[in-house]
Amino acid sequence: GTVKARLRARVGAERAGRVAAIPHREGSRARRGETLLLLDPSTAETQLEVAKRDLEAASAAAGSARAAATLARQQHERTASLFKSGLVSQGEMDLSKSRLESAEAELSGAEARDQRARSAIRLAQDELDHMRVLAPFDGIVSQRMVEVGEPVVPGQPVLEVVSLDRLFVSAPLDEIDIGRVRERLPARVTLDPYRGRVWQGVVTRVSPVVNDVREQNRTLEVEVEMMPDPTAPLPKPGTSADVEIILDKRDGVMRVPTNAVIEGKQ
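Notes on the structure follow. (Residues numbered from 1 in each chain as written. Predicted model: local features only at pLDDT ≥ 70, side-chain atom pairs only at ≥ 80, totals over all residues. Heavy atoms only, no water.)

**Let's talk about unusual backbone geometry**
Moving on, step 1. Phi angles above zero are rare outside glycine, and Arg184 is one such case at about 75°.
Moving on, step 2. Secondary-structure assignment places Arg184 in the loop between β10 (167–174) and β11 (186–191).
Moving on, step 3. By relative accessible area, Arg184 is classed as exposed at 68%. (Helix = DSSP H or I, 4+ residues; strand = E, 2+ residues; numbered from the N terminus. Buried < 20%, exposed > 50% of the residue type's maximum accessible area, 1.4 Å probe, protein only.)

Here you go:
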């Protein structure tokens, strides 16, 4: 089979733009949330600055409208008190009420414009944040697809990140052995570059479907999780591997070489 990484992702930008910087090179380790690639942020920064100025103007207008509404309310309350005493006419009372309603409507509109300006800032900040491509998990930058100065579009892969913390071997199993293999069976893994070194593993997945693309060689895909071994070299994804799945274990028995057994199991 082949050594594979459980976490392997090709990441891309969510916005279109021109690549301004790539802090990580191939082979460098990146922590989750670190910037892997930066797009030119000049336009997004300008949009954010404009949104901030619009918010300042909207906030000032809302403050002025709030003061005008407070004054209109106070004047209306005085007019209402005088109206009860018969010192002002119905027309003056109606005019006072109309001014209060107009001031309150103006305040409501000003507050709505203030909230809209705040939302515009959040959108502009979000646009600026999306100028950065972040590492989705701790891992190694295994491949770069772009260089500084190149334009990118949303969804275009720009970098590949691989985590070496959780490795497994994907291997084809002949259909004749399907009935004997199940999940959670122990296994031993050996790698071609490290002769004599054995990694312990466990079967974590047995495919529910037989691969019959090549009808003369029907196989079932089996995944074996490799247990971390701090004393062993760190396997590299893509390495060829051999897997032995342990179906049974018995202690205190004689071991006989296969070539010593003849027909009739003698």
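Having put the structure on the table, let's press on.
**A few points about a nonpolar patch on the surface**
Moving on, step 1. Taken together, the side chains of Met254, Val256 and Val261 define a hydrophobic patch exposed on the protein surface, amounting to about 320 Å² of accessible area.
Moving on, step 2. Counting through the fold element by element, Val261 comes out in the segment after β14 (241–245).
Moving on, step 3. For Val261, a relative accessible area of 42% translates into the label partly exposed. (Patch = residues over 30% accessible without salt bridge, like charges linked within 9 Å, V, L, I, M, F, W, Y side chains within 5 Å. Areas by Shrake-Rupley, 256 points an atom, 1.4 Å probe, with all protein chains shown as cover. Salt bridge = Lys/Arg side-chain N within 4 Å of Asp/Glu carboxyl O.)

**Some words on the sheet that holds strand β12 (residues 194–211)**
Moving on, step 1. The six strands are arranged β1-β10-β13-β12-β11-β14 in an open sheet whose pairing can be described as antiparallel. Edge positions in the sheet fall to β1 (2–5) and β14, since each has one partner strand and no second. Along the sheet, successive strands turn relative to each other by an average axial angle of 40°, direction set aside. (Pairing = 2+ DSSP bridges. Axes fitted to C-alpha atoms, helices over the stretch in contact; angles between N-to-C directions.)

**Details of the packing of aromatic side chains**
Moving on, step 1. Under the criterion given, the structure shown has one aromatic pair.
Moving on, step 2. Relative to Trp199, the ring of Tyr194 lies with its centre 5.9 Å away and its plane at 65°, an arrangement referred to as edge-to-face.
Moving on, step 3. What makes Tyr194 partly exposed here is its relative accessible area of 25%. (Phe/Tyr/Trp six-rings, centres within 6.5 Å; stacked < 30°, edge-to-face > 60°.)

Limitation: the analysis is restricted to geometry and does not speak to function.
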